[in-house]
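Structural overview
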Amino acid sequence: NNEDMVVSSPSYLLDNMYQYNHGEFIHHMDLYRLPEGCDLSILGFPSIFDTALCLIEWPQRISNTIFPSSYLGVEINILSQDTRQVSLKPVGQKWTQKMQNIVESIGASLS
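Throughout what follows, the structure given in this document is the object of discussion. All values reported here derive from a predicted model rather than from experimental measurement. (Residues numbered from 1 in each chain as written. Predicted model: local features only at pLDDT ≥ 70, side-chain atom pairs only at ≥ 80, totals over all residues. Heavy atoms only, no water.)

**Remarks on the sheet that holds strand E1 (residues 15-20)**
The strand order across the open sheet built from 3 strands is E1-E2-E3, with neighbouring strands paired in mixed fashion. Strands at the two margins of the open sheet, each flanked by one partner only, are E1 and strand E3 (53-57). Neighbour-to-neighbour, the strand axes of the sheet open up by a mean angle of 15°, direction not taken into account. As paired elements, E1 and strand E2 (residues 24-30) share 6 bridges and run antiparallel to each other. (Pairing = 2+ DSSP bridges. Helix = DSSP H or I, 4+ residues; strand = E, 2+ residues; numbered from the N terminus. Axes fitted to C-alpha atoms, helices over the stretch in contact; angles between N-to-C directions.)

**Side note on a nonpolar patch on the surface**
A surface patch of nonpolar side chains, amounting to about 380 Å² of accessible area, comprises Val74, Ile76, Val86 and Leu88. Of all elements in the fold, only strand E4 (71-80) and strand E5 (83-91) reach the threshold of two or more residues within the nonpolar patch. The topology assignment puts Leu88 in strand E5. (Patch = residues over 30% accessible without salt bridge, like charges linked within 9 Å, V, L, I, M, F, W, Y side chains within 5 Å. Areas by Shrake-Rupley, 256 points an atom, 1.4 Å probe, with all protein chains shown as cover. Salt bridge = Lys/Arg side-chain N within 4 Å of Asp/Glu carboxyl O.)

**Notes on the nonpolar core**
Grouped together as the largest cluster of nonpolar side chains are 11 residues: Met29, Leu31, Leu34, Leu40, Leu43, Phe45, Ile48, Phe49, Ala52, Cys54 and Ile62. Discounting chain neighbours no more than four positions away, the residues touching Leu43 are Leu14, Asp15, Met29, Leu31 and Ile48. (Core = buried A, V, L, I, M, F, W, Y, C linked by side-chain atoms within 4.5 Å. Buried < 20%, exposed > 50% of the residue type's maximum accessible area, 1.4 Å probe, protein only. Contact = heavy atoms within 4.5 Å.)

**Details of the pairing of E5**
Within a regular beta strand, the side chains point alternately toward one face of the sheet and then the other, so they alternate between its two faces. The sheet contact formed by E4 and E5 spans 9 bridges and is antiparallel. Bridged to Tyr71 within E5 is Val91. As consecutive antiparallel partners, E4 and E5 are separated by 2 residues.

By themselves, these observations are geometric and do not establish any function.
Right, dumping it as structure tokens:
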């Protein structure tokens, strides 16, 4: 709810952390510069998924062995200079149920 919060790309820092909701954290990570399969324990993997909301660019850099079993995939496609298409893909029971609840609350359907 902080409209004045500045959010920047973590491209050179790997992880930008933001506090919200009285002590909870969001980790915005950009793993583009890392080779696939590198040791991500310095960033708190895999326990970070249990303690924070993680927004990860280039998630394919994360080994399947430490990737959470339930997550929400977000894909943003550029359609034109002023138009973006956002696709949400729930993976696992937890996020499938959350998405179903959201869809029901707005009166839409999953496709």
